Amino acid sequence: MDASHARTGISRRELLKLGSAAAAGAALPFVDRGAAEAQTPKRGGVFRIRGEDAITGFDPHLAANHHRIATNLSFTHSRLVKVKAGPSVTPGTLPLEPDLAESWIQPNERTYVFKLRKGVRWHPKPPVNGRELTAEDVKYTYDRFLTIKGNPARSTIGLVEKIDALDRYTVRFSLNEPFGWFLDYLANTVMWIVPREAVEQFGDLKRAEACIGTGPWMLDRYEPNVRLTFVRNPNYFVPGLPYADGVEVTVDEDPSSRLAAWIAGKYDFAPEYGQCVRRLDLDVAKGRKPNLKTQDFTVLFSGITMMKLDREPFKDVRVRRALAMAMNWKDVIDSNAWSQGHGVPNPTIPAALKEWTIPINQLSPEGRRIYEQNVPEAKRLLAQAGFPNGLKLPVEATLGWSPDYVDQLQVVMRNWKDAGIDTEIKGKEFGAFISSVIYGKFEKLAHSLRGGTPIAEAYLYNGHMPGEPLNSSGVDDPKLTEMIKLQRRTLDTAKRREIVFDIQRYLAEQVYYAYDASVTTVSAWEPYVKNFAPNLGHDYGGRLMAAWLDR
């Protein structure tokens, strides 16, 4: 299978083989073999990255899976299974491997039994104080995940009917029906195992003092809007890891400032999200850093337009199609500092998820039309829907994503205006936006970024199932609901993909959301950073855990 069609995971049979065999290699560090043979890993040093402030706190069950929380928790916490990292993994592919689970079996289609590693210890911080992690901790975490009020990700494993701690190191998940995406969701960066004592002492896990996990580093200091300092976990359960003694995350929201800091040697990685450098700045960076290591890849995130489907004018599919047809995805990537003309259009499932996204040329003729800007046709549709003089609407958004996002939004708004859809930004502070607009609390029209979850199914279920918190547009389509439920129950990957493609064809015709293009950009790191490679998603810690500094 060539890289352009590489899978985003591995098959059920391969996973079960891996789970059963994991115990044999449980004591071995997960290091890319080619790199390890070429050079002996070095211990010590501190990774310096430009990262994100944990603006909504540190509780993974009380916030959407966004980059400002998940990247930081990836240093401190662990999951049952995780996405493999290292140079052997092609960006855009997401093979799974054990994390806290040593092995697992699937006795039947609705049951998963996980054997935990023995001797895993929580961080030596009060109130947990380094005690051993047990099956009861896993049960507590997922019971809380499924029952706590306000968890926007609850439905991702909502098919779990019961969780049992069979003994100190064995956990059984019983599902109420087959669920083809279960293991993928367990590897998502909201599935961190959390300690009961911290919740009981602090009430929730939002405070820095409650940031206690079993991950490779520990949160040592949090200075809001300035930096987060992580130190090596002396009792990490993979012997020898992590190699680095710490990670220092510097918060800097200004692209020019953080670029200057990187060029001056303040960071070991490029300063944008995902360790990327904007193509606009790439030549300057290479001129100052001629030995820089780089990797091109298509990012997971992109812009998304949300529309209130139960309100005028967006009740009418002609208006939704006109809005989408007014947009020019090439304008977005041509003007974007990250891409400078490199990028791809997105159907419902982001193009970066190569196995599950449908190629645009495989959409129906009606679906393909919305990817070909046609201003006269957009105006005709608006007139046909009763708006011959166009529309004037507020668009709710946050400018807190980044200045580059603001530039992108302005391009989209100019496209709309050309077709007679005149919009004015109704801005919100980032925290307020994340707690309201993405949950559908907006008047008629909103724009945001999407792409926090590298699991294809999330882009179908979360945004389109009635009653889901992240169903921002308020989609309620019985035909679509049945299609989404059917693909969830389909364990055969090839058959599930056929259904997923059909869903994307249908959604391109309905335009319940409109999607900007995803940029193809460049990740960059210093030559003294070894055994590192970029990938999709927020798992910074997973990608740095087995990397080392050779300087």
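Residues numbered from 1 in each chain as written. Predicted model: local features only at pLDDT ≥ 70, side-chain atom pairs only at ≥ 80, totals over all residues. Heavy atoms only, no water.

**What about the overall build of the chain?**
To be explicit about the condition: Helix and strand definitions here come from DSSP, where helices need a minimum of 4 consecutive H or I residues and strands a minimum of 2 consecutive E residues; each element is numbered from the N-terminal end. Two things to know: the radius of gyration comes from C-alpha atoms, and the globule rule equals 2.2 Å times the number of residues to the power 0.38. Relative accessibility decides the category of a residue: with a 1.4 Å probe and only protein chains considered, values under 20% of the type maximum give buried, values over 50% give exposed, and everything between is partly exposed. By the convention used here, residues are in contact when the closest approach between their heavy atoms is within 4.5 Å. Where accessible areas are quoted, they stem from the Shrake-Rupley method and a 1.4 Å probe; at the residue level, only the protein chains shown are allowed to cover. Charge assignment in this entry is limited to Lys and Arg as positive and Asp and Glu as negative, and neither His nor the chain termini are counted. By convention, the charge on Lys lies at NZ, on Arg at CZ, on Asp at CG and on Glu at CD.
When helices and strands are tallied, the chain shows 18 helices and 21 strands. Taking 2.2 N^0.38 as the reference for a compact globule, 551 residues should give roughly 24 Å; the C-alpha atoms of the chain span a radius of gyration of 23 Å, in line with that estimate. By its C-alpha atoms, the chain is 70 × 55 × 50 Å across when sized along the principal axes. Per-residue burial over the chain gives 62% buried out of 551 residues. Across the chain, contacts joining residues at least 24 apart in sequence account for 72% of those joining residues at least 6 apart. Total accessible area computed for the chain in this model is approximately 20400 Å², and 49% of it derives from carbon and sulfur atoms. A gap of 2 Å separates the mean positions of the 72 positive and 66 negative side-chain charges of the chain.

**Concerning helix α9 (residues 317-326)**
In terms of residue burial, α9 counts as a mostly covered element, since eight of its 10 residues are buried. Where α9 is concerned, the buried positions are Val319, Arg320, Arg321, Ala322, Leu323, Ala324, Met325 and Ala326.

**Regarding the confidence of the model for the chain**
Quick reminder of the rule: Residue-level confidence of the predictor is summarised by pLDDT, bounded by 0 at the bottom and 100 at the top.
This prediction gives the chain a mean pLDDT of 92; 93% of its residues lie at or above 70. Across residues 1-37 the pLDDT falls below 50, and counting only partners more than four positions away or on other chains, this stretch makes 74 contacts in the model.

**Focus: the sheet that holds strand β8 (residues 217-223)**
In plain terms, the rule: Being paired, for any two strands, means DSSP has found at least two bridges between them. Here an angle of 0 to 180 degrees is reported between the N-to-C directions of two axes, which are lines fitted to C-alpha atoms, with helices fitted over the stretch in contact.
Here four strands make up an open sheet; going across it, the order is β1-β10-β9-β8 and the pairing mixed. Here the strands that pair on one side only, and so sit at the sheet edges, are β1 (46-51) and β8. The sheet shows a mean angle of 20 degrees between the axes of neighbouring strands, direction not considered. Direction of pairing for β8 relative to strand β9 (residues 227-232): antiparallel, over a ladder of six bridges.

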